[in-house]
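Here are the chains, one letter per residue:
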Amino acid sequence: MVEIKSVEYAYPGAKAIQFTDFKLAGGEHCLLLGESGSGKTTLLHLLGGLLRSQQGTIRIHDTDITQLSESALDHFRGKHLGFVFQRNHLLQALSVRQNLLMAPFLAELPQSEERVNEVLDRLGLLNRKSAQVRELSQGQAQRVAIARAVVNKPDVIFADEPTSALDDKNCERVSDLLLSVASEQKATLVVATHDQRLKAKITRQMVLPA
Ligand code: ADP
Ligand code: MG
């Protein structure tokens, strides 16, 4: 469950962005739409606790994350949330395997080679396990980013423009994988995008006003 009430955020010197209240059930998938600059990335960062909300409540399951201390929030994020960013934020000089093992390490969860293999296999990347990220194509790298987002079995996955940089074929592949992996793991999924190609795939949609 993901629910926000009366959330707003102001960058220094700028007018506050006010977000409409919403509630997603556990396992629900939702598309976050809106013009560039409407606040999609800001909202995802608030939902993931990467930005601290200045107003309102953000509940993920039974936790109002606005009430957590920095360290409790880090812990919560590592255990419950997964992120896929537009540019993949992978460590370029490390191998695919090392990038995936980093996620449980940072969340203080046990590192499992078996889980890494399972996720890579699911995303069609097992044969790239030992490759360095900089050796991958853009589509492969974005699939590794999904792998990293799901390796800790998060309850909620946030994806920020995950397909915008991809051609049609890779867009199709990456979005289908993201949706099916989220469904298999019964994760709630929130995808921010202006990518028209995703609109047919996720029926629940929220549009942020410009
Ligand atoms: P979107 O992802 O929908 O394009 P953003 O959340 O990135 O929108 O931006 C929302 C608004 O906040 C925009 O007006 C943007 O210029 C502003 N903004 C975003 N990030 C920052 C920042 N780090 N500092 C100041 N203003 C920002
Ligand atoms: Mg954005």
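Residues numbered from 1 in each chain as written. Chains lettered and ligands numbered in written order. Predicted model: local features only at pLDDT ≥ 70, side-chain atom pairs only at ≥ 80, totals over all residues. Heavy atoms only, no water.

1. Digging into the overall build of the protein
Working step 1: A tally of helices and strands in the protein yields six helices and ten strands.
Working step 2: The C-alpha radius of gyration computed for the protein amounts to 17 Å, which stays within 12% of the reference 17 Å derived for 210 residues, consistent with globular compactness.
Working step 3: Principal axes of the C-alpha set define a box for the protein whose edges measure 45 × 35 × 35 Å.
Working step 4: Only carbon and sulfur atoms are counted for the fraction: they give 49% of the accessible area of the protein, which is about 10200 Å².
Working step 5: Charged side chains of the protein number 25 positive and 24 negative; the gap between the two group centres comes to 2 Å. (Helix = DSSP H or I, 4+ residues; strand = E, 2+ residues; numbered from the N terminus. Rg over C-alpha atoms; globule rule 2.2 N^0.38 Å. Areas by Shrake-Rupley, 256 points an atom, 1.4 Å probe, with all protein chains shown as cover. Lys, Arg positive; Asp, Glu negative; His and termini not counted. Charge placed at Lys NZ, Arg CZ, Asp CG, Glu CD.)

2. Describing the site of ligand 1
Working step 1: The environment of ligand 1 is formed by Tyr-11, Ile-17, Glu-35, Ser-36, Gly-37, Ser-38, Gly-39, Lys-40, Thr-41 and Thr-42.
Working step 2: Contact between ligand 1 and Gly-39: an oxygen atom at 3.1 Å from a main-chain N or O atom of the residue.
Working step 3: In the model, an oxygen atom of ligand 1 is placed 2.8 Å from a nitrogen or oxygen of the Thr-41 side chain.
Working step 4: Considered on its own, ligand 1 offers 550 Å² of accessible surface; in the complex 54% of this is hidden by protein. (Near = heavy atom within 4 Å. Polar contact = N/O pair within 3.5 Å; in protein donor to acceptor, adjacent residues only side chain to side chain.)

3. A closer look at the environment of Ala-147
Working step 1: Mapped onto the elements of the fold, Ala-147 is located in helix α5 (residues 138-150).
Working step 2: Classification of Ala-147 by relative accessible area gives buried; the value is 0%.
Working step 3: Expressed as a C-alpha distance, the spacing of Ala-147 and Val-84, which sit 63 residues apart in the sequence, is 9.2 Å.
Working step 4: Once residues within four sequence positions are removed from consideration, Ala-147 is found in contact with Leu-100, Val-119, Leu-120 and Leu-123. (Buried < 20%, exposed > 50% of the residue type's maximum accessible area, 1.4 Å probe, protein only. Contact = heavy atoms within 4.5 Å.)

4. A word on the nonpolar core
Working step 1: In terms of nonpolar packing, the biggest core is built from 39 residues, with Val-84, Leu-123, Ile-157, Leu-178 and Val-191 touching the most fellow members.
Working step 2: Contributing elements (two or more residues each) for this core: β4 (29-33), α3 (96-106), α4 (113-122), α5, β8 (156-160), α6 (168-184) and β9 (188-192).
Working step 3: The contacts of Ile-157, once residues within four sequence positions are left out, are Gly-82, Val-84, Val-150, Leu-178, Ala-182, Ala-187, Thr-188, Leu-189 and Val-190.
Working step 4: Counting 29 residues, the second largest nonpolar core, distinct from the first, contains Cys-30, Leu-44, Phe-83 and Ala-192. (Core = buried A, V, L, I, M, F, W, Y, C linked by side-chain atoms within 4.5 Å.)

5. Digging into the pattern of salt bridges
Working step 1: For the structure shown, the criterion picks out twelve salt bridges.
Working step 2: Arg-197 is paired through a salt bridge with Asp-195; the nearest N and O atoms lie 2.8 Å apart.
Working step 3: According to the relative accessible area criterion, Arg-197 is partly exposed, its value standing at 27%.
Working step 4: One salt-bridge network, held together by shared partners, links Arg-97, Glu-113 and Lys-129. (Salt bridge = Lys/Arg side-chain N within 4 Å of Asp/Glu carboxyl O.)

6. A word on the sheet that holds β8
Working step 1: An order of β7-β8-β9-β4-β10 is seen for the five strands of this open sheet, with the pairing classed as parallel. Looking at strand neighbours, the two that pair on one side only are β7 (81-84) and β10 (205-207), the edges of this open sheet. Direction aside, neighbouring strands of the sheet carry axes that sit 15 degrees apart on average.
Working step 2: Relative to β9, β4 runs parallel, the two sharing four bridges. The partner of His-29 across the bridge, within β9, is Leu-189.
Working step 3: In the packing of helix α2 (residues 70-80) onto the sheet, contacts are made with β7 and β8, and the angle to β7 comes to roughly 75 degrees.
Working step 4: Sitting on the sheet, α5 touches β7 and β8, and the angle it makes with β7 is about 170 degrees. (Pairing = 2+ DSSP bridges. Axes fitted to C-alpha atoms, helices over the stretch in contact; angles between N-to-C directions.)

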